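Listed below, chain by chain, are the residues.
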Amino acid sequence: MKYTKKMLKYFMFILRLLIILLLTIHLNAFNNGPISEKIMKKAERKYGGKVINRFLKYNKLLAKIKPLDERNKLKIVNKFFNQVPYVRDIENWKQEDYWATPLEFLSRAKGDSEDFVIAKYFALKTSGVDTKKLYFTYVTSKERNEPHMVLSYFETPSSDPFILDNFNPNILSAKDRDDLSPVYNFSPSSSSPQTKPSQHSTHKKWEKLYKRVQRNKL
C-alpha cells in the first residue's frame, strides 16, 4: 500500500497530538505538583463539593513546605495526613488489601496504614525530598498485635531512620519505637531494595499503584 503525502501529513499530525497528550498527562499527574483545577472538578462530580476543600488544603500544604528543610517537611506532612480517620480496606474498599492513590485517599478522607504511607511519600516527593531516603516499612505493631506499615526516612544511608506513623503523632527514630517490630523495607525508588521472598507482591502492588497515580485515579 502506497502512502500519499496527504496521508503521511495526517499521520504525523496524529502522532504529534498523541505526544502532546502524553506530555500533558505527565505534567498534570498528581505526583508532579499541586492538584489541578481539572482534577478538582472531576473529583467534585464523583465525591461532592467537600472534596474541593480537602484538595485546596493539600495544595496549600505543598506551597507551605516547599522552602522548608526536610525535617520540618516530615513534621508538617505527617501531621496533615494523620488527621484523616483510619479505616480498614475491607470496610473502605470491600477488599482485603487495596493500595489507594493519594487522590483516592484525600477524596474519601479515610484509609488504612498503607494509604497514609503512600500519601505522605508523594507529598514529600513533590516537595523535593529525595525519594531514595524514603522507605515503605512493614512492621508488626506489638500494641495492636497486627501487621502495619510506616514511612521511614533515612537522613543518610547509615543513619537510624525516623518513623512517620499514622498511629503515633510523634516522629521518632526507629530505635525509640519499641512498640514496632520491623519486618522489611521497600524502596519505591530503588530496583534493589532490602528484599525478602514475600516482597514480590509488594513490587506488583507498587507498579499498579504508580500507574493509577499517573492516571490521576480518583
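A. Fine view of the confidence of the model for the chain. On average, residues of the chain carry a pLDDT of 86, and 80% of them reach 70 or more. Taken together, the stretch residues 19–28 has pLDDT below 50 and engages in 6 contacts with residues farther than four places along the chain or on a different chain. Ignoring residues within four places in sequence, the model shows residues 191–198, a span with pLDDT below 50, making 11 contacts including any to other chains.

B. A look at the sheet that holds strand 2 (residues 146–153). In spatial order, the strands read 4-3-2-1-5; together these 5 strands make up an open sheet with antiparallel pairing. Pairing within the sheet leaves two strands with one partner each, and these edge strands are strand 4 (172–173) and strand 5 (180–186). Note that strand 1 (residues 134–141) and strand 2 share 8 bridges and pair antiparallel. Following the sheet pairing, T140 is matched in strand 2 by P147. Against the sheet, helix 7 (residues 113–126) contacts strand 1, strand 2 and strand 3 (162–164), and its axis sits at roughly 10° relative to strand 2.

C. Molecular detail of a positive patch on the surface. Together, K57, K60, K64, K75 and K79 line one region of the surface with positive charge. Where the positive patch is concerned, the elements lending two or more residues are helix 3 (50–65) and helix 4 (70–81). For the positive patch, the element with the most residues is helix 3, which contributes 3 residues. Here K64 shows up in helix 3. For K64, a relative accessible area of 53% puts it in the exposed group.

D. Just the side chain of E114, in detail. Summarising the element assignment, E114 is placed in helix 7. The charged side chain of E114 is buried without a salt bridge, its nearest counter-charge being K205 at 7.7 Å. Beyond its immediate chain neighbours, meaning those up to four positions away, E114 contacts D97, W99, Y138 and M149.

E. Local environment of the environment of I76. Position of I76 relative to the elements: it lies in helix 4. Taking the C-alpha atoms as reference, I76 lies 9.2 Å from K64; in sequence the two are 12 residues apart. With near-sequence residues (within four places) excluded, I76 lies in contact with L61, K64, I65 and L68.

F. Region of the structure containing the nonpolar core. F55, Y58, F81 and F136 are the most contacted members of the largest nonpolar core, which has 43 residues in total. Among the elements that make up this core, the one with the highest residue count is helix 7 (8 residues). With residues near it in sequence (within four places) discarded, F55 still touches I35, I39, M40, A43, L103, L106, S107 and L218.

G. Up close: the pairing of strand 1. The buried count for strand 1 comes to 7 of 8 residues, which makes it a mostly enclosed element. Where strand 1 folds back on strand 2, the antiparallel hairpin that results is connected by 4 residues, among which N145 adopts a positive phi of roughly 55°. In the sheet, strand 1 pairs with strand 5 via 6 bridges, with the strands oriented antiparallel. Across the sheet, residue Y138 finds its bridge partner in strand 5, namely Y184.

So, how was this worked out
Residues numbered from 1 in each chain as written. Predicted model: local features only at pLDDT ≥ 70, side-chain atom pairs only at ≥ 80, totals over all residues. Heavy atoms only, no water. pLDDT = per-residue confidence, 0-100. Contact = heavy atoms within 4.5 Å. Pairing = 2+ DSSP bridges. Helix = DSSP H or I, 4+ residues; strand = E, 2+ residues; numbered from the N terminus. Axes fitted to C-alpha atoms, helices over the stretch in contact; angles between N-to-C directions. Patch = residues over 30% accessible without salt bridge, like charges linked within 9 Å, V, L, I, M, F, W, Y side chains within 5 Å. Areas by Shrake-Rupley, 256 points an atom, 1.4 Å probe, with all protein chains shown as cover. Salt bridge = Lys/Arg side-chain N within 4 Å of Asp/Glu carboxyl O. Lys, Arg positive; Asp, Glu negative; His and termini not counted. Charge placed at Lys NZ, Arg CZ, Asp CG, Glu CD. Buried < 20%, exposed > 50% of the residue type's maximum accessible area, 1.4 Å probe, protein only. Core = buried A, V, L, I, M, F, W, Y, C linked by side-chain atoms within 4.5 Å.

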